[in-house]
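Read off the chains here:
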Amino acid sequence: MHEQPRPPTHNRILAALPQEDYARLAPHLTPVNLRHGEVLYETGGHMEHVFFPTSGMISLVCQTPSGTSIEVGLIGREGMAGISRVLGVDKSPHYTMD
């Protein structure tokens, strides 16, 4: 069987997938350009998409009971935002932004 070459990716999760798995996922991948500070998910909001960063960072932010915001995580090109969606949960546990 002849395998088509995989387009280059800078996301380590996508790059590490076996060719067969990547081929099944590829038709569902769409590159997007995000603006700095763009909100991907609101806390408790619906997560429609999963993001595989290829550059930059995605911030996970929680709000304390007093209303103060604190960054609780960063996602770079080694990860993905929206893992809860993949696991069957469609509500975001964090405020998530580029």
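Everything discussed here concerns the structure shown above.
Residues numbered from 1 in each chain as written. Predicted model: local features only at pLDDT ≥ 70, side-chain atom pairs only at ≥ 80, totals over all residues. Heavy atoms only, no water.

Colleague: Now, about the layout of surface pockets: what can you tell me, with residues and values included?
Modeller: The gaps of empty space that remain are located by a probe, the size of a water molecule, rolled over the atoms. The volume enclosed by the largest pocket comes to roughly 880 Å³. Lining the largest pocket are 30 residues, and of these Thr-30, Pro-31, Val-32, Phe-51 and Phe-52 lie nearest its centre. Listed by contribution, the elements that provide at least two residues to the lining of the largest pocket are helix 2 (19-25) and helix 3 (83-86). Looking at the lining of the largest pocket residue by residue, the class counts come to 18 nonpolar, 9 polar and 3 charged. (1 Å grid on protein atoms, 1.4 Å probe; cavity = no way out; pocket = protein on both sides within 12 Å on 5 of 7 lines; lining within 4 Å. Points joined across faces, edges and corners; volume = space filled by probe spheres on them. Helix = DSSP H or I, 4+ residues; strand = E, 2+ residues; numbered from the N terminus. Nonpolar A, V, L, I, M, F, W, Y, C, P; charged D, E, K, R; others polar.)

Colleague: Which residues make up the nonpolar core, and what values do they have?
Modeller: Grouped together as the largest cluster of nonpolar side chains are 8 residues: Leu-40, Tyr-41, Met-47, Phe-51, Ile-58, Leu-60, Ile-75 and Ala-81. Of all the secondary-structure elements, those providing two or more residues to this core are strand 1 (39-41) and strand 2 (58-63). Not counting chain neighbours up to four residues away, the residues in contact with Ala-81 comprise Tyr-41, His-49, Val-50, Phe-51, Ile-58, Ile-75 and Thr-96. (Core = buried A, V, L, I, M, F, W, Y, C linked by side-chain atoms within 4.5 Å. Buried < 20%, exposed > 50% of the residue type's maximum accessible area, 1.4 Å probe, protein only. Contact = heavy atoms within 4.5 Å.)

Colleague: Describe the pattern of salt bridges, and please don't skip the residues or the numbers.
Modeller: It is possible for side chains bearing opposite charge to pair when their charged atoms get close. Under the counting rule described, the total for this entry stands at 1 salt bridge. Across the pair Glu-38 and Arg-35 runs a salt bridge whose closest N-O atoms are separated by 3.7 Å. (Salt bridge = Lys/Arg side-chain N within 4 Å of Asp/Glu carboxyl O.)

Colleague: Before we move on, could you go through the sheet that holds strand 3 (residues 69-75) and cite the residues and values that matter?
Modeller: The 4 strands lie next to each other as 1-4-2-3, forming an open sheet whose pairing is antiparallel. Each edge of the open sheet carries a strand with a single partner, namely strand 1 and strand 3. The average undirected angle you get between the axes of adjacent strands in this sheet is 35 degrees. Summarising the sheet, strand 1 and strand 4 (residues 95-97) pair through 2 bridges and their orientation is antiparallel. The residue bridging Val-39 from the neighbouring strand is Met-97, located in strand 4. (Pairing = 2+ DSSP bridges. Axes fitted to C-alpha atoms, helices over the stretch in contact; angles between N-to-C directions.)

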